[in-house]
Every structure is written in C-alpha cells, then in structure tokens.
Amino acid sequence: MGVIGRAMGVARAAEAIGSAAEGVSEVFVPNATRAIELDAAIHRATLETARAEFQHAGDTWFDAAINGLNRLPRPMLALGTLGLFIFAMVDPAGFGARMVGLSLVPDPLWWLLGAVVSFYFGARELHYMRAPHVTRRSGRILGRGRAERPPARDPIADNPALSAWRADVDQPRPNADFEAVPRSQ
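Because the structure is predicted, anything quoted here is derived from the model rather than measured. (Residues numbered from 1 in each chain as written. Predicted model: local features only at pLDDT ≥ 70, side-chain atom pairs only at ≥ 80, totals over all residues. Heavy atoms only, no water.)

## Some thoughts on the overall build of the chain
Thought 1: A count of helices and strands for the chain gives eight helices and two strands.
Thought 2: The order of helices and strands in the chain, counted from the N terminus, is α-α-α-α-α-α-β-β-α-α.
Thought 3: When the accessible area of the chain is evaluated, it comes to approximately 16700 Å², of which 65% is carbon and sulfur surface. (Helix = DSSP H or I, 4+ residues; strand = E, 2+ residues; numbered from the N terminus. Areas by Shrake-Rupley, 256 points an atom, 1.4 Å probe, with all protein chains shown as cover.)

Following this line, the structure appears as structure tokens:
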C-alpha cells in the first residue's frame, strides 16, 4: 500500500467521521436547509394536488348547474332581506308571529348560522384577495380594487443625475469578470 492508498484511506475515514458527526449534530439542532427543502416539497405537493383537482373542470350541464347554485346565496340574502321588509308592511301580524318563532331559536343555533355565513363569505373574499384580477379588455393583471392606468413616464429620463449614473453603470469595467460572480457563492 503506497502513500496514495493511505491518503485515500484517510480521506474515506475522515468522510465517515464527518457524516457521523453530522448525524449526531442533527439530533440536537435540526438541519435548517433540510427543513426548508421539506417545506418546499410539501408546498409543491399541495399545489400539484390542487392543480390535479381543478385540471379537468368540465363544461357539462351539471357543472353549469353547480356554478349557478354557487352564485345564488348573495342575491338570495339581499333580496330576502328586502322581502322581509315588504312582508312586514303587507302583513304585520304574520310578520310578528314569525319573529316570535325566530326568538325561540336557541343561541347556539344562531352562532352556527353566523359561523356558516361568515366562513362562506370570508372564504369567498379571501379567494378574490389572493387571486389576481385580470381585465378583460387588455388582459393585464391588476391588484384588487385598482383601476387600469396608463403607463407612467420614466422618472429617470427626467432626472439628469440618474441618467448619467445609469450611463456610467452600463460602461464596461476592466475587472468586470471578477465582479460578476457574487462573493457569497
């Protein structure tokens, strides 16, 4: 066994000791890089599951009927509330009798109704807050509640100091290859 053979044996032994030390250290302090990788893998798997679920959105009569039913609760609540006012004016005695019946509903049932309505509208609002809004005219993605605006003028073109700085930055430098690589890598 020559010098190279002994050096290779030492290198393998050092690698084995390093792996063992790494395994022991991860018992006390979790591997942050591995945790980030696992979080990313879970996120990717969740997105893939959601994509697979909505990939084949059908255009059958059943899908159209369900989409129509999903659009009914808000108008029904609004029109139903107006209907209650009309009913109170048309038949006050009948309205009073029904309100007495509603006063007999126990509080936990009202809480349950409030939770269902809150989660329905809260989830709907959250969906629209998360999803970007695409205008139909231009196809541009806008944030929620933002109006489409014409593009603003370039402020750098109006500022001579910034224009000169930009022109200076675009000039090639003698050590450009050395500075192109970040120092942290």
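Still more ground to cover, so stick around.
## Quick notes on the packing of helix H4 (residues 73-90) against helix H5 (residues 92-103)
Pairs of packed helices are described in terms of their axes, by the angle between the two and the distance that separates them.
Thought 1: At a closest axis distance of 5 Å, the pairing of H4 and H5 adopts a crossing angle of 125°. As far as their axial angle goes, H5 and H4 are oblique. Across from Leu-84, Phe-87, Ala-88, Met-89 and Val-90 in H4, the residues of H5 making contact are Pro-92, Gly-94, Phe-95 and Arg-98.
Thought 2: The residue makeup of the contact of H4 with H5, split by class, is seven nonpolar, one polar and one charged. (Axes fitted to C-alpha atoms, helices over the stretch in contact; angles between N-to-C directions. Parallel < 35°, antiparallel > 145°, perpendicular 65-115°, else oblique. Contact = heavy atoms within 4.5 Å. Nonpolar A, V, L, I, M, F, W, Y, C, P; charged D, E, K, R; others polar.)

## Remarks on the confidence of the model for the chain
Thought 1: Averaged over every residue, the pLDDT of the chain is 76; residues scoring 70 or more account for 69%.
Thought 2: The secondary structure element of the chain with the lowest average pLDDT is helix H8 (residues 176-179), at 51, and the one with the highest is H5, at 94. (pLDDT = per-residue confidence, 0-100.)

## Observations concerning the packing of aromatic side chains
Thought 1: Counted under the stated rule, the structure contains two aromatic pairs.
Thought 2: An angle of 90° between the planes, with centres 6.1 Å apart, marks the rings of Trp-61 and Phe-62 as edge-to-face.
Thought 3: Seen from their ring centres, Phe-87 and Phe-95 are 6.1 Å apart, and the 70° between their planes marks the pair as edge-to-face. (Phe/Tyr/Trp six-rings, centres within 6.5 Å; stacked < 30°, edge-to-face > 60°.)

## Digging into the pattern of salt bridges
Thought 1: Under the criterion given, the structure shown has two salt bridges.
Thought 2: Ionic pairing is found between Glu-37 and Arg-34, a salt bridge with its closest N-O pair at 3.3 Å. Taken as a pair, Glu-37 and Arg-34 lie in helix H2 (residues 32-54) at a separation of three residues, close to a single helical turn.
Thought 3: Exposure remark for Arg-34: the relative accessible area of 44% places this residue in the partly exposed category. (Salt bridge = Lys/Arg side-chain N within 4 Å of Asp/Glu carboxyl O. Buried < 20%, exposed > 50% of the residue type's maximum accessible area, 1.4 Å probe, protein only.)

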